[in-house]
Amino acid sequence: MLNKTVIPIGYKSILDLKQTEIAIKIIKDQFENNLSKALNLIRVSAPLFVKGGTGINDNLNGVERIVSFDALDIKNETIEVVQSLAKWKRMALARYGYSAGEGLYTDMNAIRRDETLDNLHSIYVDQWDWEKIITLEKRNLKTLQKEVLKIYSALKITEQYLSYQNEKLQPILPETIHFISTQELEDHYPTLTPKEREDKITKELGAVFLMQIGGKLRSGVKHDERSPDYDDWELNGDLLLWYPVLEKSFEISSMGIRVDKKSLLKQLKVTQNFDRKDLEYHKAILDGNLPYTIGGGIGQSRLCMFFLKKAHIGEVQVSVWNDQIKNECLENNILLL
């Protein structure tokens with residue numbers, strides 16, 4: 001059964017198609033510049049695909065099917081379209097000779113064939129993937145929160161700039177962002193589902209960084225799934241915003257301090273993925289050949305959707321949709337690109 005698109009009552013886009021495309025360019029240029037300055041990042045080129053069987057591609061939640069193909073002049077190799085660049089970035093930092101406090105960012109484009117399509121989800125993913133080197137001593141929550149505050153500041157500066165360009169697009173981000181762990185959130189709202197908890201807390205506070213995602217809570221369930229081999233589940237989180245257009249929480253970024261040898265082995269064991277330890281990427285961590293890092297992804301289309309107050313992500317990116325979604329959008333003033 002196809003998912004039904006959420007249609008806000010009386011919805012009409014603030015901008016027409018041409019104005020939307022102009023505004024998308026403004027947002028991307030401004031935020032990219034603000035982010036790189038805030039986090040001390042240098043833009044680099046990144047792959048659209050990588051070799052399979054190396055452990056470099058992101059497994060996401062571990063169940064998504066990766067898009068793969070073979071190539072005429074690359075014999076006996078499977079090539080995989082990336083799902084994110086979480087692992088590739090860390091290897092690039094080591095290869096390019098970055099130092100502690102320095103980082104990189106890139107435009108990441110991916111195909112997620114198993115994504116369930118709705119207002120916020122597309123099979124085409126575009127995000128700013130970023131990563132920076134930290135020292136062993138800075139592998140802690142204080143470091144994580146410090147970087148989140150920098151990102152949130154870049155968001156607010158971009159939103160304010162956009163409002164100067166078009167007075168119809170008034171800022172809605174709250175002054176500050178709040179930090180809360182998944183366990184604290186479960187303790188606050190024990191009878192709600194994880195998604196209902198996210199909606200509840202973001203509606204109350206406006207902007208929340210929800211920490212420590214991946215492990216089981218005291219209730220015996222996980223708040224959400226996370227791949228075991230890039231984020232340390234004790235040192236990661238999602239940046240959530242309250243989105244009044246759809247009356248729900250809105251994830252703009254997932255990020256975290258990356259696994260070290262100890263957390264990698266622990267998380268591989270818990271998820272019964274211990275066989276991955278022999279892959280190229282995982283061996284590099286276990287052998288101490290990769291730097292300690294923090295990184296994440298920030299959705300480009302998600303950010304544009306939020307700032308332009310759109311009802312559907314297809315209003316800010318070109319993708320492929322099923323007939324039900326296209327018809328519902330056509331009938332309700334939602335103009336898909």
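Read on for a plain summary of the structure.

Rules and cut-offs
Residues numbered from 1 in each chain as written. Predicted model: local features only at pLDDT ≥ 70, side-chain atom pairs only at ≥ 80, totals over all residues. Heavy atoms only, no water. Helix = DSSP H or I, 4+ residues; strand = E, 2+ residues; numbered from the N terminus. Rg over C-alpha atoms; globule rule 2.2 N^0.38 Å. Buried < 20%, exposed > 50% of the residue type's maximum accessible area, 1.4 Å probe, protein only. Areas by Shrake-Rupley, 256 points an atom, 1.4 Å probe, with all protein chains shown as cover. Lys, Arg positive; Asp, Glu negative; His and termini not counted. Charge placed at Lys NZ, Arg CZ, Asp CG, Glu CD. Pairing = 2+ DSSP bridges. Axes fitted to C-alpha atoms, helices over the stretch in contact; angles between N-to-C directions. Contact = heavy atoms within 4.5 Å. Left-handed = near helix turned anticlockwise from the far one by under 90°. Nonpolar A, V, L, I, M, F, W, Y, C, P; charged D, E, K, R; others polar. Expected span 1.5 Å × (residues − 1). Arc of directions from axis to C-beta.

Time to look at the overall build of the protein. When you go through the protein residue by residue, the secondary structure sums to nine helices and eleven strands. Against the globule reference of 20 Å for 337 residues, the protein gives a C-alpha radius of gyration of 20 Å, in line with a compact fold. Seen along its three principal axes, the alpha-carbon backbone of the protein occupies a region of about 55 × 50 × 40 Å. A burial count over the protein gives 51% of its 337 residues as buried. Total accessible area computed for the protein in this model is approximately 16100 Å², and 51% of it derives from carbon and sulfur atoms. Separation of charge centres in the protein, based on 45 positive and 48 negative side chains, amounts to 3 Å.

So, about the sheet that holds strand 6 (residues 124–133). Sheet architecture is open: eight strands sit in the order 1-5-6-11-10-9-8-7, paired in mixed fashion. Sheet topology places strand 1 (41–43) and strand 7 (178–181) at the edges, where each strand pairs with a single neighbour. Each adjacent strand pair in this sheet contributes to an overall mean axis angle of 30 degrees, direction not counted. By the bridge criterion, three bridges tie strand 1 to strand 5 (residues 103–111) in an arrangement that is parallel. The partner of Arg43 across the bridge, within strand 5, is Tyr105. Each of strand 5, strand 6, strand 10 (248–258) and strand 11 (293–299) touches helix 2 (residues 86–96); the most contacted strand, strand 6, lies at about 35 degrees to it. In this fold helix 8 (residues 300–308) packs onto strand 5, strand 6, strand 9 (231–243), strand 10 and strand 11, with an angle of close to 145 degrees to the strand it touches most, strand 10.

Here we come to the packing of helix 1 (residues 17–39) against helix 8. Running from N to C, helix 1 and helix 8 cross one another at 115 degrees; their axes reach a closest spacing of 10 Å. Judged by the sense of rotation from one axis to the other, the crossing of helix 1 with helix 8 is right-handed. Of the residues in helix 8, those in contact with Thr20, Ala23, Ile24, Ile27, Lys28 and Phe31 of helix 1 are Gln300, Leu303, Cys304, Phe307 and Leu308. Class assignment of the residues belonging to the contact of helix 1 with helix 8 gives a composition of eight nonpolar, two polar and one charged.

Our focus in this paragraph is helix 5 (residues 194–205). Three- or four-residue spacings in an α-helix give side chains the same orientation, since the helix completes a turn every 3.6 residues. Here helix 5 contains twelve residues, and its C-alpha end-to-end distance of 17 Å stays within 8% of the 16 Å for a straight helix at 1.5 Å per residue. What helix 5 keeps buried is the set Arg197, Glu198, Ile201 and Thr202. Considered in projection along helix 5, the buried side chains sweep an arc of 120 degrees and stay on one side of the axis. Across helix 5 from its buried face, at more than 90 degrees, point the exposed residues Lys203 and Glu204. For helix 5, the secondary structure elements touched by its buried residues are strand 7, helix 4 (182–188), strand 8 (207–211), strand 9 and strand 10. Remark: Gly206 follows helix 5 within two positions and exhibits a positive phi of approximately 90 degrees.

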